[in-house]
Amino acid sequence: MAAEKITKQNGKLQVPDNPIIPFIAGDGIGPEIWAAAKDVFDSAVQKAYHGKKKVEWKQLLAGEAAFDKTGEWLPQETVDTLIDNLVAIKGPLTTPIGKGHRSINVTLRQKLDLYACYRPVKYFDGSPSPVVHPERVDIDVFRENTEDIYAGIDFVSGSKEAEGLLKLLDENGQLDKVRFPKTSNFAIKPVSEEGSKRIIHAAIEYAFDHNLQHVTLVHKGNIMKKTEGSFKQWGYEEAATYGDKIFSMNTYDQIKADKGKKAADDALTAAEYSGRLIVNDVITDNFFQQSLLHPENFDVVVTMNLNGDYISDALAAQVGGIGISPGGNINYETGQAIFEATHGTAPQFAGQNKLNPTSLILSGAMMFAYIGWNEVADLIQKAIAEAIKGKHVTLDFARQLPGSEELSTSEYGNFISKTIEGY
Ligand code: NAD
């Protein structure tokens, strides 16, 4: 069986039985968690397809490992291979410190235009949690990945750029709004209509595909009217393109203005009963409150880059922390995707074989679902659920779960593989 590339043709991913899937093991704890995850992936594929399908893993260099070997943090060959093979998986990468260096993750997301950061946040029975009802959390977060303050347009006070910006503000009568103009640094926050609409479209499509009832636009549009406020407006415009398939709170407001609150409430209730998709919005600070108090009110959440960063970690903390939260960075048009552990390199634990590989393992499950190998994704999810419920866990969980069996990273990986082989 010759290994072949995954491609996208006529709008659909074409996945051969022996696909080449590039991986970046990552820095810090990356190589340990990757070793554990890879064994789990191979066991699950073998169990699901009995040798008829098999992944050809292709190692790529990035981060510290690449810098030590090639003098570059992100070699062009790595970028080219990722583009060429469409779907990949990665461990965490060290962010280089020093002038001119940007996060490698942010660079990859921008170079490959991976505009959707998709993070499902779901509770596994038995996971340690700081909240009373973590089982009520089942939220799919869609975070815009290429715009917002992450564009990296930062000006330091006194620089030519900052001076130019002050001049521009002055010409537009805005200079008075800067409290300390001489000493202020600036960052630019680009939020575009097409950038917003494509992530909102992806979130709505996801809700339809998975039979979910609510898509919530999270924004701070009450303060940042022209960026986050427009995100909300573009969200409702995108929802309107679906006609009757969606009932949005924009429609609710129109009915309320025309016919009164009761008519609007009745229309919303009717929409809910008939199972129509509801698109609403919530201000970011209120979202943090509501998602702690009533997480069951949210299904799919779509938001801009910085909000999405905070929201996904805060939600992850409710269901067991970043050690088990998976993620994927996807461009739904080109098909390009990189699935990745959502935590960092945890350098203080590197080489100790102690931390949790679940984030990377579940990111792999997401990747298999993405390429249509749902049987593999299901086997992995089932085995992880069983391990956590039975308290066979790594250090981070063991510390919080009395009576648990503490396993090393590799022992935990073996446990998951053996569980899958036993199904
Ligand atoms: P980190 O996520 O590496 O570690 C923070 C803490 O989280 C750790 O001390 C540990 O207690 C816990 N933790 C992390 N991974 C865990 C796991 N698998 N199991 C259990 N507990 C886990 O964050 P940091 O210390 O702020 O960053 C370290 C490096 O990682 C930096 O260079 C940072 O830029 C980079 N980073 C990379 C990514 C990425 O590649 N996607 C993401 C975040 C941070």
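Values in this document were obtained by computation on a predicted structure and should not be read as measured data. (Residues numbered from 1 in each chain as written. Predicted model: local features only at pLDDT ≥ 70, side-chain atom pairs only at ≥ 80, totals over all residues. Heavy atoms only, no water.)

Peer 1: How should I be thinking about helix α4 (residues 104-111) in this particular structure?
Peer 2: Given 3.6 residues per helical turn, the α-helix brings residues three or four places apart onto the same face. Here α4 lies mainly inside the structure; 6 of its 8 residues are buried. Its side-chain oxygen placed 3.2 Å from the backbone nitrogen of N105, S103 serves as the N-cap of α4. Phi turns positive one or two residues past the end of α4, at D113, with a value near 50°. (Buried < 20%, exposed > 50% of the residue type's maximum accessible area, 1.4 Å probe, protein only. Helix = DSSP H or I, 4+ residues; strand = E, 2+ residues; numbered from the N terminus. Polar contact = N/O pair within 3.5 Å; in protein donor to acceptor, adjacent residues only side chain to side chain.)

Peer 1: Looking at this structure, how should I read the site of the ligand?
Peer 2: The environment of the ligand is formed by 20 residues, the closest being T95, N105, G344, A346 and Q348. Within the side chain of Q348, a nitrogen or oxygen atom sits 2.8 Å from an oxygen atom of the ligand. Coverage of the ligand by the protein chains reaches 68% of its 810 Å² of free accessible surface. Looking at the shell around the ligand residue by residue, the classes come out as 8 nonpolar, 9 polar and 3 charged. (Near = heavy atom within 4 Å. Areas by Shrake-Rupley, 256 points an atom, 1.4 Å probe, with all protein chains shown as cover. Nonpolar A, V, L, I, M, F, W, Y, C, P; charged D, E, K, R; others polar.)

Peer 1: Even after reading the chapter, I still don't get the pairing of strand β14 (residues 326-330), so can you show me in this structure?
Peer 2: Consecutive side chains of a regular strand alternate in pointing toward one face of the sheet and then the other. A large share of β14 lies buried, amounting to 5 of its 5 residues. Here β14 shows a buried face lined by P326, G328 and I330 and a second buried face lined by G327 and N329. Strand direction decides the pairing type here: β14 and strand β15 (residues 337-341), joined by 5 bridges, are antiparallel. Residue N329 lies in a different strand from β15, and its bridge partner there is I338. (Pairing = 2+ DSSP bridges.)

Peer 1: Even after reading the chapter, I still don't get the layout of surface pockets, so can you show me in this structure?
Peer 2: The volume enclosed by the largest pocket comes to roughly 1300 Å³. Around the largest pocket, the lining comprises 42 residues; the ones closest to its centre are Y118, Y206, H210, A369 and Y370. Those elements giving two or more residues to the lining of the largest pocket turn out to be β2 (12-14), β6 (116-122), β7 (138-144), α6 (193-209), β14, α12 (358-370) and α13 (374-389). Residues of the lining of the largest pocket, tallied by class, amount to 24 nonpolar, 8 polar and 10 charged. Together, 15 residues line the second largest pocket, and L169, Q174, A187, K226 and T227 are the ones closest to its centre. Within the residue set of the lining of the second largest pocket, elements represented by two or more residues are α5 (160-171), β9 (186-187) and α7 (225-240). Here the residues of the lining of the second largest pocket sort into 9 nonpolar, 2 polar and 4 charged. (1 Å grid on protein atoms, 1.4 Å probe; cavity = no way out; pocket = protein on both sides within 12 Å on 5 of 7 lines; lining within 4 Å. Points joined across faces, edges and corners; volume = space filled by probe spheres on them.)

Peer 1: What's the story with the pairing of strand β12 (residues 277-283) in this structure? I'm lost.
Peer 2: Both strand β10 (residues 214-219) and β12 contribute to a ladder of 6 bridges, which runs parallel. Pairing of L217 across the sheet is with D281, part of β12. Relative to β12, strand β11 (residues 246-248) runs parallel, the two being bridged by 3 bridges. Within the sheet, the bridge partner assigned to F247 lies in β12 and is I278.

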